[in-house]
Amino acid sequence: MKLWNVGGKVADLDLEETFLRAMGADVVGRQPVFVDGEEGELLFTQVGDTRVLVFEEVNYERALDHPLKNGWTHIVFEVDDFDVTFERLSAAGGRVIQGPSVVDATFSRRKIAFFESPGGCIYEVFTELPRD
């Protein structure tokens, strides 16, 4: 398992891009993302060794029982065995918020799931899928 990125929600991608550029981030650009066929958009940046992906609407927020505020929303881990990890996190008290789902984006195609931990933190786990 390894940390892949941190994700955040913002009110305006243009303003956030300007801010991240001022901070010295390498802005890869805006990219469409499809989660189970539903389209969204993200701003993909690299800050040092860390990827930072920012959204105006995070794909799992409609499944929450509370409003999702702007700010850091989740961290993402790439896992070797999605099914084993999914079962392990479920058994450890993780509440599935979304998934398993398939995501198609410019940078990858992957199987994902979002969990809320017993302490209220949100984690995404994923494994890469081959392109069709």
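Before reading further, recall that the structure is shown in the block above.
Residues numbered from 1 in each chain as written. Predicted model: local features only at pLDDT ≥ 70, side-chain atom pairs only at ≥ 80, totals over all residues. Heavy atoms only, no water.

Participant: Describe the overall build of the protein chain, naming the residues involved and giving the relevant values.
Facilitator: Regarding its fold elements, the protein chain presents 2 helices and 8 strands. Scanning the protein chain from its N terminus toward the C terminus, one meets helices and strands in the order β-α-β-β-β-β-α-β-β-β. For the protein chain, whose C-alpha radius of gyration is 14 Å, the value lies close to the compact-globule estimate of 14 Å for 132 residues. Considered along the principal axes of its C-alpha atoms, the protein chain spans approximately 45 × 35 × 30 Å. By the burial criterion, 44% of the 132 residues in the protein chain qualify as buried. Of all intrachain contacts in the protein chain linking residues separated by at least 6 positions in sequence, the fraction that spans at least 24 positions is 55%. (Helix = DSSP H or I, 4+ residues; strand = E, 2+ residues; numbered from the N terminus. Rg over C-alpha atoms; globule rule 2.2 N^0.38 Å. Buried < 20%, exposed > 50% of the residue type's maximum accessible area, 1.4 Å probe, protein only. Contact = heavy atoms within 4.5 Å.)

Participant: Report on the pattern of salt bridges, specifying residues and quantitative values.
Facilitator: In the structure shown here, the tally under the stated rule is 12 salt bridges. The residue Lys2 makes a salt bridge to Glu78 at a minimum N-O spacing of 3.6 Å. Here Lys2 is found in strand 1 (residues 2-9), whereas its partner Glu78 is found in strand 5 (residues 71-78), with 76 residues between them in sequence. Here Glu38 and Arg62 are joined by a salt bridge, their closest N and O atoms 3.2 Å apart. Here the residue Glu38 occupies a position in strand 3 (residues 38-47), and Arg62 occupies one in the loop between strand 4 (50-55) and strand 5, the gap between them amounting to 24 residues. Put simply, Asp14, Glu17, Arg21, Arg30 and Glu41 are held in one network by salt bridges that share partners. (Salt bridge = Lys/Arg side-chain N within 4 Å of Asp/Glu carboxyl O.)

Participant: I'd like a description of the environment of Thr127, backed by residues and values.
Facilitator: With respect to the secondary-structure elements, Thr127 resides in strand 8 (residues 122-128). We classify Thr127 as buried; its relative accessible area is 16%. When the C-alpha positions of Thr127 and Val102 are compared, they lie 9.9 Å apart, and in sequence the two are 25 residues distant. With sequence-adjacent residues up to four places away left out, Thr127 is seen in contact with Val79, Asp80, Phe82, Arg109, Arg110 and Lys111. Reaching out from Thr127, the side chain makes a polar contact with the backbone oxygen of Val79 at a distance of 3.4 Å. (Polar contact = N/O pair within 3.5 Å; in protein donor to acceptor, adjacent residues only side chain to side chain.)

Coordinates in, geometry out; function isn't part of it.
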